[in-house]
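Examination of the molecular architecture
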Amino acid sequence: MPARAARALVLAAVFTCAACGLVYELALVALGSYLVGNSVTQASIVLSVMVFAMGVGSLLAKPLQTRPVAAFAIIEGALALVGGLSVLALYAAFAWLDLYVPALIVVAFAVGALIGAEIPLLMTLLQRIRRQDAGSAVADLFAADYVGALVGGLAFPFLLLPTFGHIKGALLVGVVNAVAGIAVVLWLFRAQLGRVARTALWGGMVAVLAALSGTYALADGFEVSARQALYSDPIALSERTPYQEIVITRKLTGPSDTRLFLNGDLQFSSVDEYRYHESLVHPLMSGPRGRVLILGGGDGLALREVLRYRDVQAATLVELDPEMIRLARTYGPISFLNRHSLDDPRARIVNADAFSWLRRLGERFDAVVVDMPDPDDVSTAKLYSVEFYGLVKRALAPGGRIVVQSGSPYFAPKSFWSIQKSVAAAGLATTPYHVDVPSFGDWGFVLASPTPLPPTLALPPDVPDLRFLDADVLRAAAVFPKDRRARDVDVNTLVHPRLVEYESQEWKNS
């Protein structure tokens, strides 16, 4: 083969291997964000460990340059196997062994070291085809490497993850990595290997491909088993959307219990969700309520409580994930619980990011319900920031009020009082309160209004018949025990997302 064509094939292998390497990296970051939350920490661990390991791998590859063809083929086979199986191994470590972070460090180091060993060996192979000055060779190699990284970085979120999912996507990339890294090089440099070496390396590649292909065939069953290990009740529905993982479990024995989980966090239990949603909505409704805005609450349960008041003229619900809205409308156990509230003629459903939607908002509301998932990640912590509450305040009509679900003042007191302090920092007077929700534990809320005095905690005179909340329970809800009263904490802002740190520490210790 002409030298120009041979170099082009090697550079194509560089391009492909770089794309595969970045996919492995992004897959580890994304998996940690889904399973553990706190994407900044997960990204920091993966990137720092992998970059360090790449340096180690480059040094360890120096003695291998005397036999670059065999060494590169072996390294690519190992990288395809380790990278392809990495997501599956980490999922197993999380589901059954409770060793996710140690396993993540080991896997990230192994993948990084193998990626780091590629460059010195590829440089040697390129020079064997045609001698070239060091600067030009490095430029060609890194150009192919960086463009491959770009393609891999874009392919992961837009193609691999939505089409194949985490586990199958990584396995598929492992197959591509093995073919590009082993077959191309072994074919180009086959004359530099003995017959035994060629046979052994081709046999190794076939074994790697067989292992990855066999695992791919079993991946669905594994994922179902691993996911089920995370939940105490049988999984009735599981969906991965572009925004989150939605899991619904249903108890088969004893009292019926349907539970919704988003990214592993419990959102409600049908056994006691009425306690949470009555406490969230009805104290707010003792004020003006003609036009109500609900931020979050895609399950339609808070909307159900709002629409129990006949004088509510319009209720707007802003939910990021269209799939959550679809399930709330069409999945029987949830639509039964929310009483088909999303199909009420007074309801308007908006699929949008609440933060961005509020920035463009040109209308005002009498009451705002902020019913967001817990702020255990930077992406959700922004929805508990001073800046976010400032936008909510701007959306209030004169005399309007807001209520914010604020987590557990018992299990996460720093988080709870940081939310209360952040609401107050946005120029709102606050009244915190808490109730007992058995599936959650002690759970808190913050009622707020842009008035000099804190809003009064009371039920409306025309409150509908409630199962849990009454005037006596609400009076008691305003009292916090001595060991859970307000404490010195920082506010949560976009620049300083303190809640992520508080949530991580407190729920881990609980």
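Structural notes, computed from the coordinates. (Residues numbered from 1 in each chain as written. Predicted model: local features only at pLDDT ≥ 70, side-chain atom pairs only at ≥ 80, totals over all residues. Heavy atoms only, no water.)

**Structural notes on the packing of helix α3 (residues 68-97) against helix α4 (residues 100-129)**
Put simply, α3 and α4 touch, their axes get as near as 9 Å, and they point 160° apart. Put simply, α3 runs roughly antiparallel to α4. Note on packing geometry: the crossing formed by α3 with α4 is left-handed. Its residues assigned to classes, the contact of α3 with α4 comprises 23 nonpolar, three polar and three charged. (Axes fitted to C-alpha atoms, helices over the stretch in contact; angles between N-to-C directions. Helix = DSSP H or I, 4+ residues; strand = E, 2+ residues; numbered from the N terminus. Parallel < 35°, antiparallel > 145°, perpendicular 65-115°, else oblique. Left-handed = near helix turned anticlockwise from the far one by under 90°. Nonpolar A, V, L, I, M, F, W, Y, C, P; charged D, E, K, R; others polar.)

**Quick notes on the sheet that holds strand β1 (residues 235-240)**
With antiparallel pairing, four strands are arranged side by side in an open sheet as β1-β2-β3-β4. Whereas interior strands pair on both sides, the edge strands pair on one side only; in this sheet they are β1 and β4 (265-269). Along the sheet, successive strands turn relative to each other by an average axial angle of 15°, direction set aside. With four bridges joining them, strand β3 (residues 258-262) and β4 adopt antiparallel strand pairing. Across the sheet, the residue bridging to Arg 259 is Ser 269, located in β4. Sheet contacts for helix α9 (residues 322-330): β1, β2 (245-250) and β3; angle to β1, the most-contacted strand, approximately 150°. (Pairing = 2+ DSSP bridges. Contact = heavy atoms within 4.5 Å.)

**Some thoughts on the packing of aromatic side chains**
Applying the stated rule across the entire model yields 18 aromatic pairs. When the centroid spacing of 5.0 Å and the interplanar angle of 90° are considered together, the rings of Tyr 410 and Phe 411 count as edge-to-face. Its end group placed over the ring of Tyr 274, Arg 467 keeps NZ or CZ at 3.8 Å from the ring centre. Cation over ring: Arg 484 sits above Tyr 410, and NZ or CZ is 4.6 Å from the ring centre. (Phe/Tyr/Trp six-rings, centres within 6.5 Å; stacked < 30°, edge-to-face > 60°. Lys NZ or Arg CZ within 6 Å of the ring centre and 35° of its normal.)

**Quick notes on the nonpolar core**
Of all hydrophobic cores here, the largest spans 70 residues; its most connected members are Leu 28, Leu 90 and Ile 167. Counting residues per element, the ones that place at least two in this core are α1 (3-35), α2 (39-60), α3, α4, α5 (134-188) and α6 (195-228). It is α3 that provides the largest number of residues to this core, a total of 15 residues. Other than its neighbours up to four places away in sequence, Leu 90 contacts Leu 28, Leu 31, Tyr 100, Ala 103, Leu 104 and Val 107. Counting 49 residues, the second-largest nonpolar core is a separate cluster that includes Met 285, Leu 303, Tyr 309 and Ala 347. (Core = buried A, V, L, I, M, F, W, Y, C linked by side-chain atoms within 4.5 Å. Buried < 20%, exposed > 50% of the residue type's maximum accessible area, 1.4 Å probe, protein only.)

**Quick look at a nonpolar patch on the surface**
A contiguous nonpolar surface patch, about 320 Å² in accessible area, is contributed by Trp 96, Leu 97 and Leu 99. Looking at the secondary structure, you find Leu 99 in the loop between α3 and α4. (Patch = residues over 30% accessible without salt bridge, like charges linked within 9 Å, V, L, I, M, F, W, Y side chains within 5 Å. Areas by Shrake-Rupley, 256 points an atom, 1.4 Å probe, with all protein chains shown as cover. Salt bridge = Lys/Arg side-chain N within 4 Å of Asp/Glu carboxyl O.)

**Quick word on a positive patch on the surface**
Together, Arg 359, Arg 360, Arg 364 and Arg 394 give the surface a local cluster of positive charge. With respect to the helices and strands, Arg 360 occurs in the loop between α11 (354-359) and β8 (365-371). Overall, Arg 360 belongs to the exposed group, its relative accessible area being 62%. (Lys, Arg positive; Asp, Glu negative; His and termini not counted. Charge placed at Lys NZ, Arg CZ, Asp CG, Glu CD.)

**A word on the layout of surface pockets**
Here the second largest pocket defines a volume of roughly 350 Å³. Glu 25, Met 54, Ile 115, Asp 145 and Tyr 146 are, among the 18 residues lining the second largest pocket, the residues nearest its centre. Those elements that place two or more of their residues in the lining of the second largest pocket are α1, α2, α4 and α5. Broken down by class, the residue content of the lining of the second largest pocket amounts to 12 nonpolar, three polar and three charged. (1 Å grid on protein atoms, 1.4 Å probe; cavity = no way out; pocket = protein on both sides within 12 Å on 5 of 7 lines; lining within 4 Å. Points joined across faces, edges and corners; volume = space filled by probe spheres on them.)

**Focus on the pairing of strand β11 (residues 441-449)**
Remember that side chains alternate between the two faces of the sheet whenever the strand is regular. Counting buried positions along β11 yields nine of nine residues, so the element is predominantly enclosed. Sheet topology places strand β9 (residues 396-405) next to β11; four bridges connect them, and they run antiparallel. When the sheet's bridge partners are listed, Gln 405 is paired in β11 with Phe 445. When strand β10 (residues 429-437) meets β11, the two strands line up antiparallel, connected through nine bridges. Across the sheet, residue His 434 finds its bridge partner in β11, namely Gly 444. Between β10 and β11, which pair antiparallel and follow one another directly, the connecting turn spans three residues.

**Section: the environment of Pro 481**
By the secondary structure assignment, Pro 481 is in the loop between α15 (471-477) and α16 (498-509). On a C-alpha basis, the gap between Pro 481 and Tyr 410 in space is 9.5 Å, while along the polypeptide they are 71 residues apart.

**Quick look at the environment of Tyr 34**
In this fold, Tyr 34 is placed in helix α1. According to the relative accessible area criterion, Tyr 34 is buried, its value standing at 14%. Distance in space between the C-alpha atoms of Tyr 34 and Val 176 is 25 Å, their sequence separation being 142 residues. Other than its neighbours up to four places away in sequence, Tyr 34 contacts Leu 161, His 166, Arg 240, Thr 241, Pro 242, Gln 244, Glu 245 and Asn 263.

**Some details on the state of the cysteines**
Under the definition given, this model contains zero disulfides. Distance from the sulfur of Cys 20, which forms no disulfide, to the nearest cysteine sulfur (Cys 17) is 6.2 Å. A relative accessible area of 4% places Cys 20 in the buried class. (Disulfide = S-S within 2.5 Å.)

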